[in-house]
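Descriptive structure summary
Here is what each chain is made of, one letter per residue.
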Amino acid sequence: MAPRIATTAAEAVANIHDSSTILIGGFGNAGQPMELIDALMDCGATDLTVINNNAGQADAGLALLIKERRVSKIICSFPRQSDSWHFDEAYRAGEIELELVPQGNLAERIRAAGAGIGGFFTPTGYGTLLAEGKETRVIDGKGYVLESPLHADFALIKAFKADTHGNLVYRKTARNFGPIMASAAKSAIVQVDEIVETGKLDPEVVVTPGIYVNTLVALGGNNS
Amino acid sequence: MSTETSTFTTTDAALTRDEMARLVAADIPAGAFVNLGIGQPTNVSNFLTGEQGVTLHTENGMLGMGPVATGDDIDEDLINAGKVPVTELPGASYFHHADSFAMMRGGHLDVCVLGAFQVSGAGDLANWHTGAPGAIPAVGGAMDLAIGAKSTWVMMGLFTKTGESKLVQALTYPVTGLGCVSRIYTESAIFELAAGTVTVRSTHGISFEELVERLPVELVRAA
């Protein structure tokens, strides 16, 4: 089915409900779907579980959702940064749960969810605090930790361009978590600079096939 | 692990940070795919030569990373793992996060250079968390980087501010990866680690005998 095309970010996120698990793309500001996050803020949904590489920076986007205590749990690899003060405060107050995951395991757990994998043994984290309580196995003399897939109700992603079939292309390192998050959510909501007619994207360069995309919204951008 | 035959050398003065970076750069094999960690390791890129043909990987999803971007070249969609704007070189490629870490975990990168709080004689690495009470933990790609590349090298000061060795018998900081470090560059000495043996390749501003006295691990002098 072709994706729903929303006319505003607010319309794109309107179905997100309380207690949802949400994958949010981006690494630093690259690929961060800032307008969708702002719309999520305005839509009022709360008690959210958010999966992102970080835990919000400065006074924008995810940091504000955390400040307003709308996020009850965050699953990420790198929460503590020089400007993660809203997370730091919520965490120290015991008002947000943190599941810390090594970055490559975070990415692979998301990929596994989209690919129908029930779990996988990874060497990353073996013998560390982050493997405590997890099943381990020695395979060919090397230690591995069992990690599970990270499924979500929604994904909020930023891509560069889409066609009306939902096929996506990205720009440079802004691709980061986009393709795997699109596949791991029941509903992938994607903001792009521009939506072009079907047939206008070269099939050879499509990175995320439209099968993974449920909602599109074109918001313009600085890069077109 | 390959046992390199290196000749023991010594200099009168301790190495500066630039001299350490220059030595690391010179040790990177021609044509290698390399990930340079945040901090001191990043400086290594300034000493790689064009003739070496080294390709830099950044774990947020790029091979063929160029120098830091300035002026009109700054593009918010093109950053490195430290979130600093960078440039792309001819032959660069982009990929998503799972591919980027698969590339690392799958042993496709030749060398990874990291900073450290401590390294043990067995090559165990601690560099992600001090374990201090009240410290908010953050791991990022540290654990993936430690165990993924064919060779993991560390750049660090050999002693803490209070003079204790950071090359230790057993880690007291939380582990990042076990048995993963094969070489350590410090201002005072360069060490090769293999099969539990710590070989001193060179000393700088300190004698081998003095090192033996100050470090809590057994040391072998390179031939």
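Residues numbered from 1 in each chain as written. Chains lettered and ligands numbered in written order. Predicted model: local features only at pLDDT ≥ 70, side-chain atom pairs only at ≥ 80, totals over all residues. Heavy atoms only, no water.

1. Looking at the overall build of chain A
- A count of helices and strands for chain A gives six helices and 14 strands.
- In summary, chain A has a C-alpha radius of gyration of 18 Å against a globular reference of 17 Å for 224 residues, a match within 12%.
- In terms of its C-alpha atoms, chain A occupies a principal-axis envelope of roughly 50 × 45 × 30 Å.
- Per-residue burial for chain A yields a buried fraction of 57% across its 224 residues.
- Of the accessible surface of chain A, which amounts to about 9200 Å², a share of 47% is contributed by carbon and sulfur atoms.
- In chain A, which carries 19 positive and 26 negative side-chain charges, the distance between the mean positions of the two groups comes to 4 Å. (Helix = DSSP H or I, 4+ residues; strand = E, 2+ residues; numbered from the N terminus. Rg over C-alpha atoms; globule rule 2.2 N^0.38 Å. Buried < 20%, exposed > 50% of the residue type's maximum accessible area, 1.4 Å probe, protein only. Areas by Shrake-Rupley, 256 points an atom, 1.4 Å probe, with all protein chains shown as cover. Lys, Arg positive; Asp, Glu negative; His and termini not counted. Charge placed at Lys NZ, Arg CZ, Asp CG, Glu CD.)

2. Some thoughts on the overall build of chain B
- Broken down by element type, chain B carries four helices and 14 strands.
- Rg of the C-alpha trace for chain B: 18 Å, near the compact-globule value of 17 Å for 223 residues, within the 12% margin.
- Taken along its principal axes, the extent of the C-alpha atoms in chain B is 50 × 45 × 35 Å.
- Taken across its 223 residues, chain B has 55% of its residues classed as buried.

3. A closer look at the interface of chain B and chain A
- On the chain A side, the residues contacting the 35 residues of chain B number 46 residues.
- Summed over the shared surface of chain B and chain A, the number is three salt bridges.
- Close ionic contact of Arg171 of chain A with Asp77 of chain B constitutes a salt bridge, the shortest N to O distance being 2.8 Å.
- At the surface where chain B touches chain A, the tally comes to 20 residue pairs in polar contact (both at pLDDT 80 or more).
- Those elements that place two or more of their residues in the side of chain B that touches chain A are strand E5 (86–94), helix H2 (97–105) and helix H3 (142–148) of chain B. (Contact = heavy atoms within 4.5 Å. Salt bridge = Lys/Arg side-chain N within 4 Å of Asp/Glu carboxyl O. Polar contact = N/O pair within 3.5 Å; in protein donor to acceptor, adjacent residues only side chain to side chain.)

4. Remarks on the pairing of strand E9 (residues 152–158) of chain A
Residues and elements named next belong to chain A.
- Across the seven residues that make up E9, a large majority, seven, are buried.
- In this sheet, strand E12 (residues 185–192) lies alongside E9 in parallel orientation, the contact comprising six bridges. Bridge pairing in E12 places Ala155 opposite Ala188. (Pairing = 2+ DSSP bridges.)

5. Examining unusual backbone geometry
- Here Ala58 of chain A, not a glycine, exhibits a phi torsion of approximately 55 degrees, which is positive.
- For Ala58 of chain A, the position within the fold is in the loop between strand E3 (48–51) and helix H3 (62–67).
- Since its relative accessible area comes to 26%, Ala58 of chain A is described here as partly exposed.
- We note that Ala195 of chain B has phi near 50 degrees; this positive angle belongs to a residue other than glycine.

6. Some points on the sheet that holds strand E7 (residues 118–120) of chain B
Residues and elements named next belong to chain B.
- Within the open sheet, the three strands sit side by side as E8-E7-E10. Their pairing is mixed. The sheet is open, and its two edges are formed by strand E8 (125–126) and strand E10 (167–168), each paired on a single side.
- In terms of strand pairing, E7 meets E10 through two bridges, oriented parallel. Directly across from Val119, in E10, lies its bridge partner Leu167.

7. Focus: the pattern of salt bridges
- Within the structure shown, the criterion is met by 18 salt bridges over all chains.
- Linking Glu89 of chain A and Arg69 of chain A is a salt bridge whose minimum nitrogen-to-oxygen distance equals 3.9 Å. On the criterion of sequence distance, the pair formed by Glu89 of chain A in helix H4 (residues 85–92) and Arg69 of chain A in the loop between H3 and strand E4 (71–76) is long-range, its members being 20 residues apart.
- In this structure, Lys172 of chain A engages Glu88 of chain B in a salt bridge whose closest nitrogen and oxygen atoms are separated by 3.3 Å. One end of the pair, Lys172 of chain A, is in the loop between strand E11 (168–169) and helix H6 (178–184); the other, Glu88 of chain B, is in strand E5, on a second chain.
- The partly exposed category is assigned to Lys172 of chain A, whose relative accessible area is 22%.
- The class for Glu88 of chain B is partly exposed, based on a relative accessible area of 38%.
- Members of the salt-bridge network, linked through shared partners, are Lys73, Glu97, Glu99, Arg109, Lys134 and Glu147 of chain A.

8. Description of H2 of chain B
- The buried fraction of H2 of chain B amounts to seven of the nine residues, a majority that puts the element mostly inside the structure.
- Restricting attention to buried positions, one finds in H2 of chain B the residues His97, Ala98, Ser100, Phe101, Met103, Met104 and Arg105 of chain B.

9. So, the packing of aromatic side chains
Residues and elements named next belong to chain B.
- In this structure the tally under the stated criterion is four aromatic pairs over all chains.
- Where Phe8 meets Phe208, the ring centres are 6.3 Å apart and the plane angle is 80 degrees; that geometry is what we call edge-to-face. Pair noted here: Phe8 is in the segment before strand E1 (9–11) and Phe208 is in helix H4 (residues 208–214), with a separation of 200 residues, a long-range link. Phe208 shares its class with Phe8; the two are buried.
- Above the face of the Phe208 ring, Arg221 is positioned so that its terminal group lies 5.6 Å from the ring centre. (Phe/Tyr/Trp six-rings, centres within 6.5 Å; stacked < 30°, edge-to-face > 60°. Lys NZ or Arg CZ within 6 Å of the ring centre and 35° of its normal.)

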